[in-house]
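Observations on the model geometry
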Amino acid sequence: MTREQLLGFLRKHRLCVQASTSPSGAPQAAVVGFAVTDELEIVFDTLGTTRKMQGLRRDPRIALVIGWEDEQTVQLEGTADEPEGAELDRIKTAYFATWSDGITRQTWKDITYVRVTPTWARYSDFRPGGNVVELDAAAIAARRV
């Protein structure tokens, strides 16, 4: 799987399971709606008061699982941040292109936008003749400037 194929696979999906840790270090997971930028960043919105956001602010490491239909998945690991200024505007544009209802959520108290920069990905195709391919940070970031 190439970086471009990974991007295409991710763009076929709108939901993922994100996993992070609680303040006590316990695992926690949630389903979130996401978008993906041309830079292969995963973007989602959430309230700053949620468990997931509190955990990510304390420890920005995150794991995602995307696409479980047709026995194909992508597992991603990376770091999460909350961009500001022009970067925030850029990721919101990508997010709103996928989730137009997100435009109205901008007015919600404590709404925040999370950008996940992947550092590792594994595509798994468990269909007959399928394969498993890993991409490291260099392969994922190849297009980034």
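Residues numbered from 1 in each chain as written. Predicted model: local features only at pLDDT ≥ 70, side-chain atom pairs only at ≥ 80, totals over all residues. Heavy atoms only, no water.

**Side note on the overall build of the protein**
Spelled out, the test is: Put simply, DSSP marks the helices as runs of H or I at least four residues long and the strands as runs of E at least two long, and each gets a number from the N terminus on. Each radius of gyration reported is based on C-alpha atoms, and the globular scaling rule is 2.2 Å times the count of residues to the power 0.38. Should any heavy atoms of two residues lie within 4.5 Å, those residues are considered in contact. Using a 1.4 Å probe, the Shrake-Rupley method yields the accessible areas, and only the shown protein chains count as cover for residues. When charges are counted, neither His nor the chain ends are considered; positive counts come from Lys and Arg and negative counts from Asp and Glu. By convention, charge coordinates are those of NZ in Lys, CZ in Arg, CG in Asp, or CD in Glu.
The number of helices and strands found in the protein is five helices and eight strands. Counting helices and strands in the order they occur from the N terminus, the protein gives α-β-β-β-β-α-β-β-α-α-β-β-α. Taking 145 residues into account, the globule formula puts the C-alpha radius of gyration at 15 Å, and the protein, at 15 Å, falls close to it. Its C-alpha atoms give the protein principal-axis dimensions of roughly 50 × 35 × 30 Å. Summarising the internal contacts of the protein: among those between residues at least 6 apart in sequence, 63% fall at separations of at least 24. For the protein, the exposed area adds up to about 7,600 Å²; of that, 55% sits on carbon and sulfur atoms. Computing the positive centroid from 18 side-chain charges and the negative centroid from 20, the protein places the two 3 Å apart.

**Some points on the nonpolar core**
Heads up, the condition is: By nonpolar core we mean a set of buried residues, namely Ala, Val, Leu, Ile, Met, Phe, Trp, Tyr and Cys, connected to one another through side-chain atoms within 4.5 Å. For every residue, the accessible area obtained with a 1.4 Å probe (protein chains only) is divided by the maximum for its type, and the residue is called buried under 20%, exposed over 50%, and partly exposed between those limits.
Counting 26 residues, the largest nonpolar core has Leu 10, Ile 42, Phe 44, Leu 76 and Val 116 as its most contacted members. Every residue in contact with Val 116, bar those within four places of it in the chain, is listed here: Leu 40, Glu 41, Ile 42, Phe 44, Ile 62, Leu 64, Thr 79 and Ala 80. In this structure, Ala 35, Val 43, Phe 96 and Ile 111 belong to the second largest nonpolar core, which totals eight residues.

**A look at unusual backbone geometry**
At Glu 71, a residue that is not glycine, the phi angle is positive and equals roughly 60°. As for its position among the elements, Glu 71 is in the loop between strand 5 (61–66) and strand 6 (72–81). The class of Glu 71 is partly exposed, set by a relative accessible area of 47%. The backbone phi angle of Asp 110 is positive, close to 70°, even though this residue is not glycine. Locating Asp 110 in the fold gives a position in the loop between helix 4 (102–105) and strand 7 (111–125).

**Observations concerning the packing of aromatic side chains**
Which entries qualify depends on this criterion: Any Phe, Tyr or Trp ring, taking Trp's six-membered ring, that has another such ring centre within 6.5 Å forms a pair; planes under 30 degrees apart are called stacked, those over 60 apart edge-to-face, and the others tilted. Over a ring means this: the NZ of a Lys or the CZ of an Arg is within 6 Å of the ring centre and within 35 degrees of the ring normal.
Following the criterion strictly, the structure yields four aromatic pairs and no others. Aromatic pair Tyr 95 and Tyr 113: ring centres 6.4 Å apart, planes at 70°, arrangement edge-to-face. In this pair, Tyr 95 sits in helix 3 (residues 85–98) while Tyr 113 sits in strand 7, placing the two residues 18 residues apart along the sequence. Residue Tyr 95 shares its accessibility class with Tyr 113, and that shared class is buried. Put simply, the rings of Tyr 95, Phe 96 and Tyr 113 pair up and form one aromatic cluster. The cationic tip of Arg 14 hangs over the ring face of Trp 99; the distance from NZ or CZ to the ring centre is 3.8 Å.

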